[in-house]
Amino acid sequence: MRKLALSDEILLNVQQPARYIGGEVNSVMKDPEKVDIRFAMCFPDVYEIGMSHLGIQILYDMFNRRDDVYCERVYSPWTDLDQIMRERKIPLFSIETQMPVRNFDFLGITLQYEMCYTNILQILDLSCIPLHSEERTWEDPIVIGGGPCTYNPEPIAPFFDLFYIGEGEVVYDELLDRYKEAKKQGKSRQEFLEAAAEIPGIYVPAFYDVNYKEDGTIASMVPVNSHAPAVIARQLVGDMTGACYPERPVVPFIRATQDRVVLEIMRGCIRGCRFCQAGMVYRPVRERSADELKRLAYAMLKNTGHEEISLSSLSSSDYTHLEEIVNFLIDEFDGKGVNVSLPSLRIDAFSLDVMSKVQDVKKSSLTFAPEAGSQRLRNVVNKGLTEEDILSGSAEAFRGGWNRVKLYFMLGLPTETVQDMEGIAELSEKVAEVYYDTVPKEERHGKVQVTASTSFFVPKPFTPFQWARMCTKEEFLERAAIVNRKMKEMLNKKSLRYNWHEADVTVLEGVLARGDRRVSAVIEEAYRNGALYDAWSEHFDNNIWMNAFETCGVNPDFYTVRERGLNEIFPWDFIDSGISKEFLKREWENAVNEVVTPNCRARCSGCGVRKYGSGVCFEGEDRQ
Amino acid sequence: MKIRIKFSKQGPVRFIGHLDVMRYFQKVMRRAGVDIRYSEGFSPHQIMSFASPLSVGLTSNGEYMDIEVNSTGSSAEMIKKINDTNVEGIKVLSYRLLLDTAKNAMSQVAAADYCVRVKDEYSSEISPDFPQNFFNFCKNEKIEIIKTTKKGERTVNLSPFIYEVKMPEPDTVFLKLSSGSTVNVKPEQLLTAFFSEKQIEYRPYVFQVEREELYADEDPEGQHRFVPLKEYGQDITDN
């Protein structure tokens, strides 16, 4: 039997001990003595969240296909265990072999959202790895970051030895090979970092100097090591169908947030919503073939025993073979003990038909994401959904028996006016009215329920809104109050519900999203003063953060409420995301002028990613 | 067809709670390709019921569940199929056909065997005389505990529900306890009572409690005649 890192005394005194014991179905067991490289793959949040992440499952599978590599998993200990580990000086351990993380060759940390940054420091701290790259030696693992937040890694740059910019499937093999070679030849850690810096997509933050102007903006960012390129090119998979995919994903004992087989049908999005970072940095759209997906569905259900299967992508309705794959899943699996869970689809005759097949109409609700309350503002953000789409889709759904609708909006979008805000309430009201107009009294199952939710807008790097000013906390709450007031004036107010997001945490997310290296001191100070699990509202403590900004002499407003000039050098400008800055500027102008840009299939807008030679950019063309 | 499955739970998986073990087995059935029956209705679920939940931390050599299947291979074949997809620590020990009229395991449970031992790594935290002292304690004719219910507190004597106490090894106390829906006595309750009498703090992690078997009672009003739950089924042979 495997020996556990934690004693029975501890395991019987913490919540969910199963988070820490491993041994799950499909977890990979190898002899650590028989591999050259030990890789600890970390999701810096609690097990149930981390286990739900597809990207880690893909990389875990990919690494472990190599005989010379053993990849294990690491998650943030929950706060109860965190405290015990500090008191008793228990080093953080991997799930599989239960061995200390510090003994690994690599510690890979996936960066999925900004609010996990203090958990990165927790992971390093509990592992007894120095927090700063410059203090580490060969005794410490190489700490490498990847994932969406690496599109601006600067606020956490000092904590990492390397960042991998782009999709993990591409250059990891080369990185691991160079590591093996460096070890074999007895090279220094510095020499290995230099060899790594030469690999496209690998960013070594220590090899760059950032100079600032008097106004606090960046004057220049220059490589100070001859091995480091001035620009880091985002890596991406050319052909998704050939890309590796985990046919035997790990199945947790305890219920993870995503407790199902997930099929990634495509990467990227054709829509070009101007607030959406994923929609930009995963361009171009690349699809997996339907045949490959069908084969994977069988294999993964068989290998996991999951009772549910779902599709994953940024905009599933745009997948070319959606009907084929959805009908296949329903015909093959529905009613045979496997639930088919549909991703959010554009509401039309097809989606309503399949939804009525796999869901209990009375219990499920319909979801629209208009993002903005008026057509004007939807044009600004380039969200193609019209009021007509929403109202006719709702009418059709109401006739089909649904009576619950969810509407998702953002508040604080660039150019937003009171009219736009009130439009959220008015649109919700119109949806409710459609119900009473469409469904005769005798056929109604109670009242219609329209729930509008607003999140607060955070401008992100590599989007047309990267130049935009963000609202203050007070402005956000004022806007929510305007929507709330208008909701109460509506005729069908009893059918309407309105929720809004926390404002404090949004402002902080804004700082971390567009921050520079100077913000790293604030993150460290906040962590030292107890900030942890900031993504969890019950743990987030805004005061710790505000004090940290003050102690470090960093003004959060500089990163949030300032509108940036078109010529300003951004902390993330050293990354070539494939999207040209000219395109982003053009889109920023189009936004302000309320001009809509068509989607990639309707017309190419010349964003720059055609240079990769793959995906939607070449649909219908014969590629050479 | 009704099938009764007996399985063991050993090692690190003792930290998996009962609800998660149930979810685990639902997935095992799918992985192993067991032709299990599903309920009717909008979200069909597997027809599967467990005899008795096992507390987190306990190990067992005698867990039971009943399932219904549409078709089945031989016992040997099914045991192999299921164990091939089981994780380390969970192992099917028997797979037997029940009569269609059989009562389900949960309603049959009347008694359970347990072994209580001190874990090696915590032996310094307790007197070496513990097994003998605990054995003597369980032999008492009056073992009173206070039960808190909605109606308030009341004192219960557990002694009549301890059917057997012995020391098969010098380090092991064996207990046959009343179990199931009528009176369910857990070894943890006896340990709690023991330490509270001695006025020593009870530290549950020091002890490894292992469930060994579950029984039905064929003579509940009289002398008790305990029959292991697996005896109600018959091995399925080839042909």
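Not measured: the values here are computed from a predicted model.

Here we come to the overall build of chain B. When its secondary structure is counted, chain B shows 5 helices and 12 strands. Compactness check: chain B gives a C-alpha radius of gyration of 19 Å against a globular reference of 18 Å for 239 residues, within 12% of the reference. Each principal axis of the C-alpha distribution contributes one length, and for chain B these read about 55 × 40 × 35 Å. In chain B, which comprises 239 residues, the proportion classed as buried is 50%. Taking as baseline every contact in chain B between residues at least 6 positions apart, the subset at least 24 positions apart corresponds to 70%. For chain B, the exposed area adds up to about 11800 Å²; of that, 49% sits on carbon and sulfur atoms. If you average the places of the 31 positive and of the 34 negative side-chain charges in chain B, the two averages end up 4 Å apart.

What follows concerns the pattern of salt bridges. Tallying each qualifying case throughout the model produces 71 salt bridges over all chains. Notably, a salt bridge pairs D8(A) with R14(B), separated by 2.8 Å at the nearest N-O pair. With one member in each of two chains, D8(A) in helix α1 (residues 8-11) and R14(B) in the loop between β1 (2-9) and α1 (18-32) form a pair that bridges those chains. Across the pair, exposure class does not vary: D8(A) and R14(B) are buried alike. Of the charged contacts in the structure, one is a salt bridge between D259(A) and R255(A), with a shortest N-O distance of 3.8 Å. With relative accessibility at 7%, the residue D259(A) sits in the buried group. Because the salt bridges share partners, they merge into one network encompassing R255(A), D259(A), E307(A), D20(B), R23(B), K27(B) and R30(B).

On to unusual backbone geometry. All names here are of chain A. Cis rather than trans, the peptide bond between R283 and P284 has omega equal to -10 degrees. Even without being a glycine, C128 presents a positive backbone phi close to 65 degrees. You can call C128 partly exposed: its relative accessible area is 49%. In this structure, F462 takes a positive phi of about 60 degrees despite not being glycine. The class for F462 is buried, based on a relative accessible area of 5%.

Below, the discussion takes up the interface of chain A and chain B. On the side of chain B, 28 residues touch chain A, which itself brings 35 residues to the contact. For the chain A and chain B pair, buried surface summed over both sides reaches about 2600 Å², with 61% attributable to carbon and sulfur atoms. At the boundary of chain A with chain B, the tally comes to 6 salt bridges. Linking E307(A) and R30(B) is a salt bridge whose minimum nitrogen-to-oxygen distance equals 3.3 Å. Counting every contact that joins chain A to chain B gives 14 residue pairs in polar contact (both at pLDDT 80 or more).

Residue and element names in this part refer to chain A. Read across the sheet, 6 strands follow the order β2-β1-β3-β4-β5-β6 without closing on themselves; strand pairing throughout is mixed. Edge positions in the open sheet fall to β2 (69-75) and β6 (202-203), since each of these has one partner strand only. Both strand β1 (residues 37-43) and strand β3 (residues 106-110) contribute to a ladder of 4 bridges, which runs parallel. The residue of β3 that forms the bridge with F39 is F106. With respect to the sheet, helix α6 (residues 172-184) is in contact with β1, β2, β3, β4 (142-146), β5 (162-164) and β6, its orientation differing from that of β1 by roughly 135 degrees.

Judged by side-chain charge, D120(B), E121(B), E169(B) and D171(B) come together as a negatively charged surface patch. Following the sequence through the fold, D120(B) ends up in the loop between β5 (111-118) and α4 (130-139).

Take the domain arrangement of chain B next. Residues and elements named next belong to chain B. Each assigned domain of chain B is listed with its residue range as follows: domain 1 (2-107) and domain 2 (111-223). Contact with domain 1, which involves 16 residues of that partner, is made by 10 residues of domain 2. Roughly 1100 Å² of surface becomes buried between domain 1 and domain 2 when both sides are summed, with 34% attributable to carbon and sulfur atoms. A per-residue breakdown of the area domain 1 buries against domain 2 is headed by L58, T59 and N61, which together make up 37% of the total. Inspection of the domain 1/domain 2 interface yields 2 salt bridges. A salt bridge links E63 to R211, with the nearest nitrogen and oxygen atoms 2.9 Å apart. Counting the contacts that link domain 1 with domain 2 gives 15 residue pairs in polar contact (both at pLDDT 80 or more).

What follows covers the side chain of E48(A). With respect to the secondary-structure elements, E48(A) resides in helix α2 (residues 47-50). Reaching out from E48(A), the side chain makes a polar contact with the side chain of R19(A) at a distance of 2.9 Å.

As a further point, take helix α11 (residues 349-358) of chain A. Because each turn of an α-helix spans 3.6 residues, side chains separated by three or four positions end up pointing in the same direction. Every buried residue belonging to α11(A) is among F350(A), S351(A), L352(A), V354(A), M355(A) and V358(A), and all of these are buried. Tucked inside the fold, the buried residues of α11(A) contact α10 (322-333), β14 (339-341), β15 (366-371) and α13 (387-399) of chain A.

Another aspect to go through is the side chain of S52(B). Residues and elements named next belong to chain B. Along the chain, S52 falls in the loop between β2 (48-50) and β3 (59-68). Judged by its relative accessible area of 11%, S52 falls in the buried class. When residues no more than four places from it in sequence are discounted, the contact partners of S52 are E63, R211 and L214.

So, about the domain arrangement of chain A. Residue and element names in this part refer to chain A. According to the domain assignment, chain A consists of domain 1 (8-233), domain 2 (260-359 + 594-624), domain 3 (360-517 + 556-562) and domain 4 (519-553). Distance between the C-alpha centres of domain 1 and domain 2: 30 Å. Every contact between the two is made by 8 residues of domain 1 and, on the other side, 10 residues of domain 2. Three residues, L54, Y151 and E167, lead the burial of domain 1 against domain 2; their summed loss comes to 62% of the area buried on that side. Across the domain 1-domain 2 interface, the total number found is 3 salt bridges. One salt bridge connects E167 with R286, and the closest N-O pair in it is separated by 2.8 Å. At the boundary of domain 1 and domain 2, one finds 4 residue pairs in polar contact (both at pLDDT 80 or more).

Inspection of the entire model under this criterion finds 51 aromatic pairs over all chains. Ring geometry for F7(B) versus F25(B): centroids 4.6 Å apart, planes at 55 degrees, classification tilted. You can see F7(B) sitting in strand β1 and its partner F25(B) sitting in helix α1, a full 18 residues away along the chain. With respect to class, F7(B) is no different from F25(B); both count as buried. For F7(B), a relative accessible area of 2% corresponds to the buried category. These aromatic residues form a ring-pair network of at least three members: F39(A), F63(A), F106(A), W138(A), Y164(A), Y172(A), Y179(A) and F192(A). Across the ring face of F618(A), the terminal group of R610(A) is positioned such that the distance to the ring centre comes to 4.4 Å.

To continue, consider the sheet that holds strand β10 (residues 261-264) of chain A. All names here are of chain A. Taken together, 3 strands build an open sheet; the order of strands is β10-β13-β14 and the sheet is parallel. The open sheet has two free edges, formed respectively by β10 and β14, since each of these has just one partner strand. Pairwise comparison of adjacent strand axes, ignoring direction, gives a mean angle of 20 degrees for this sheet. In the sheet, β10 pairs with strand β13 (residues 308-312) via 4 bridges, with the strands oriented parallel. The residue bridging V261 from the neighbouring strand is I309, located in β13.

Next up on the list: a positive patch on the surface. All names here are of chain B. Together, K147, K150, K151 and R154 make up a region of like positive charge exposed at the surface. Of note, R154 is situated in strand β7 (residues 152-157). By relative accessible area, which is 46% here, R154 ends up partly exposed.

All names here are of chain A. Take L385: it is sitting in the loop between α12 (375-381) and α13. Note: C-alpha distance between L385 and P370 (15 residues apart in sequence) is 6.1 Å. Apart from residues lying up to four places away in sequence, L385 is in contact with F368, A369, P370, Q375, R378 and I390.

Cut-offs and rules
Residues numbered from 1 in each chain as written. Chains lettered and ligands numbered in written order. Predicted model: local features only at pLDDT ≥ 70, side-chain atom pairs only at ≥ 80, totals over all residues. Heavy atoms only, no water. Helix = DSSP H or I, 4+ residues; strand = E, 2+ residues; numbered from the N terminus. Rg over C-alpha atoms; globule rule 2.2 N^0.38 Å. Buried < 20%, exposed > 50% of the residue type's maximum accessible area, 1.4 Å probe, protein only. Contact = heavy atoms within 4.5 Å. Areas by Shrake-Rupley, 256 points an atom, 1.4 Å probe, with all protein chains shown as cover. Lys, Arg positive; Asp, Glu negative; His and termini not counted. Charge placed at Lys NZ, Arg CZ, Asp CG, Glu CD. Salt bridge = Lys/Arg side-chain N within 4 Å of Asp/Glu carboxyl O. Buried area = accessible area lost by both parts, 1.4 Å probe. Polar contact = N/O pair within 3.5 Å; in protein donor to acceptor, adjacent residues only side chain to side chain. Pairing = 2+ DSSP bridges. Axes fitted to C-alpha atoms, helices over the stretch in contact; angles between N-to-C directions. Patch = residues over 30% accessible without salt bridge, like charges linked within 9 Å, V, L, I, M, F, W, Y side chains within 5 Å. Domains from an automatic or database assignment. Phe/Tyr/Trp six-rings, centres within 6.5 Å; stacked < 30°, edge-to-face > 60°. Lys NZ or Arg CZ within 6 Å of the ring centre and 35° of its normal.

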